[in-house]
Amino acid sequence: MLNTRLKVLGVLGSLLLAFGAGAYFGLSHSLHSWAQAQTLGGVQPTDVDMSQFWQAYQLLNQNFVVTHASSTFPAKQEQVYGAIAGLTASFGDPYTTFFPPAEAKIFQDDIKGSFGGVGMQIDNDAKGNIVVVAPLKDSPSQKAGIHSGDIVLKIGATSTAGMVADQAVKIIRGPIGTTVTITVARQGETKPLVFDIVRDTINIPIIETKKLDNGIFKISLYSFSENSTDLFRGALREFVQSGDHKLLLDLRGNPGGYLDAAVEMASYFLPIGAPIVTEDYRGKQGNNTHRSLGYNVFANDPQFKMAILIDQGSASASEILSGALQQNNVAKLVGTRSFGKGSVQELMDLGNGAQLKVTIARWLTPNGSSISDGGLHADIEATTTAELARDPAKDPQVQAAVNYLLGR
C-alpha cells in the first residue's frame, strides 16, 4: 500500500479554517512536491493481540439490530474506517486525524484554496475547546464581530463539547449565501454571544503597507500564502525607498501558512546559516534545522530598528518568523502572547482515497523552546481592542511599538 506523504505545519495541523479551507494555513511548500512514496506492509505486529477486535467485529455484525431511523447497519468498509478513526483518536492529539475518502477529498479541495465560508480560523486549545485563532480581515466573521480568542460553544444547535476542529469545520462550512449561527464565550462577557453569519466567498488578504510618522514604516502581513514572499519583498523595497529606517511588522491575527515563506522572510534580516526553526522528531528521526538563506539586507544600516506586533491570533508560521527574529536579536515582540501552534503534521495516503494526518514533529525556536509550550511571549506587553486597533494613532499596541522604535 502506498504511503504518500504531505507535510503540513500543524496551525495549521494545521490550523483549521472555518471559511472552508481546512488546512490551507498549515501547508509547507512540500504541497507541490509530494514526498517519495513508501511501501508499508499491512502485516500484523507480533506484539499486538487483535483477538478482542475481531471478537467485537463478529459480535457486532451478528447481533446488532437497527432500532431507530437515525441508525443504519454500516457497510464492512465503513466499519473498517470507524476502527481506524477510533485508533487515531486514541492518541489524544487533535491534529492527528483520519479522513475517509469523502472527507479526504474535501480536505484536498480546501488546501487548493477555492472555497466559500465565514472566514475564521479555528483550532482546539489545550483544554479541548474550539477556539477562534483569528477572523480573517474583512471576512463575514470579522464583520459580524467574531474576535480572536472566542470559544465556540455551539454551531447552530450543535454543541462543540468534545469536538475536534476538523468536525467543527465540516459543520460551519456550507453553500455561499446561507447562514450559520455561531455561539461563543468571550472573556469579560458574562453571557454567551450569538452571531448569525452569512457564508460568502473568502478572499484571503495578504499584505498592506503604510508610512507612519517619525520615520516608521508599517507592514501588515495577514497570511503566509504561496505568493506572500514576493509581496513581502516588494513591501521591503517600498520600505527602503521610503527613506525610513524603523520597521513595524504587524502579524496580529496572522494564522500562518507556508513554512518556506517564513524561512524566506526571516532570511531578509539574518546572516547566512542563522537558525530559524527546528523540526524536533523526538528521536523518531534526526532533527531538521531550517537556517537563514543570508539575504540580511539591513546588516549595513546602523539606524535599522524593528518591532513585531503579535497576539493570540498569531500562529504557526507567524510564530516561526517572530521567534526567529526575536531570538536572533533582530526585533522586539510587542503585544500579547501568540497562539502556541508548534506541531508538524504529515498527510499520509492509505489507499482508495483514505488518508491520515499525523503529528510527526514539533517546532523549536532558535533557543530550543517549543512553540506549543504557551506560544511566544511579548518583550513589551500591551493590549488593545478591535475598535482601537482600526486606528494606528489610537491603538495601544501600535503606540507601544512606536515608543520602542523611537527610544521613548
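Let me sum up the structure you'll find in this document.

Each value, and the rule that gives it
Residues numbered from 1 in each chain as written. Predicted model: local features only at pLDDT ≥ 70, side-chain atom pairs only at ≥ 80, totals over all residues. Heavy atoms only, no water. 1 Å grid on protein atoms, 1.4 Å probe; cavity = no way out; pocket = protein on both sides within 12 Å on 5 of 7 lines; lining within 4 Å. Points joined across faces, edges and corners; volume = space filled by probe spheres on them. Helix = DSSP H or I, 4+ residues; strand = E, 2+ residues; numbered from the N terminus. Nonpolar A, V, L, I, M, F, W, Y, C, P; charged D, E, K, R; others polar. Buried < 20%, exposed > 50% of the residue type's maximum accessible area, 1.4 Å probe, protein only. Pairing = 2+ DSSP bridges. Core = buried A, V, L, I, M, F, W, Y, C linked by side-chain atoms within 4.5 Å. Contact = heavy atoms within 4.5 Å. Salt bridge = Lys/Arg side-chain N within 4 Å of Asp/Glu carboxyl O.

### So, the layout of surface pockets
Any empty space left between the atoms is revealed when a probe the size of a water molecule rolls over them.
And step 1. By volume, the second largest pocket is sized at about 1500 Å³.
And step 2. Residue lining of the second largest pocket: 41 residues in total, with Ser148, Asp311, Thr385, Ala386 and Ala389 positioned closest to the centre.
And step 3. Mapped by element, the contributors of at least two residues to the lining of the second largest pocket are helix H4 (140-144), strand S14 (207-211), strand S15 (216-221), helix H9 (386-389) and helix H10 (396-405).
And step 4. Of all the elements, S14 adds the most residues to the lining of the second largest pocket, at three residues.
And step 5. For the lining of the second largest pocket, a count of residues per class yields 11 nonpolar, 16 polar and 14 charged.

### Quick look at the pairing of strand S8 (residues 130-135)
And step 1. Burial analysis of S8 places six of its six residues in the buried class, which makes it a mostly covered element.
And step 2. For strand S7 (residues 120-124) and S8, the ladder comprises five bridges, and the chain directions are antiparallel. What sits directly across from Ile122, in S8, is Val132.
And step 3. Counting the residues that bridge the hairpin from S7 to S8 gives five residues, and of these Gly128 lies at a positive phi of roughly 90°.
And step 4. Of the strand pairs in this sheet, S8 and strand S9 (residues 151-155) are connected by two bridges, and their pairing is antiparallel.

### Some remarks on the nonpolar core
And step 1. Counting 50 residues, the largest nonpolar core has Phe224, Leu247, Leu249, Phe269, Met306, Ile308 and Leu325 as its most contacted members.
And step 2. If we ignore the near neighbours within four places in the chain, the residues touching Ile308 are Leu249, Leu251, Ser322, Leu325, Ala331, Lys332, Leu333 and Val334.
And step 3. Core analysis: the next-biggest nonpolar cluster, separate from the first, contains 18 residues, Ile130, Ala165, Val180 and Val184 among them.

### So, the pattern of salt bridges
And step 1. Applying the stated criterion across every chain yields a total of eight salt bridges.
And step 2. Lys170 is the salt-bridge partner of Glu103, the closest N and O atoms lying 3.0 Å from each other. Of this pair, Glu103 sits in helix H3 (residues 101-111) while Lys170 is found in helix H5 (residues 165-172), placing the two residues 67 residues apart along the sequence.
And step 3. Taking the relative accessible area as the measure of exposure, Glu103 reaches 26% and is therefore partly exposed.
And step 4. Close ionic contact of Lys211 with Asp244 constitutes a salt bridge, the shortest N to O distance being 2.7 Å.

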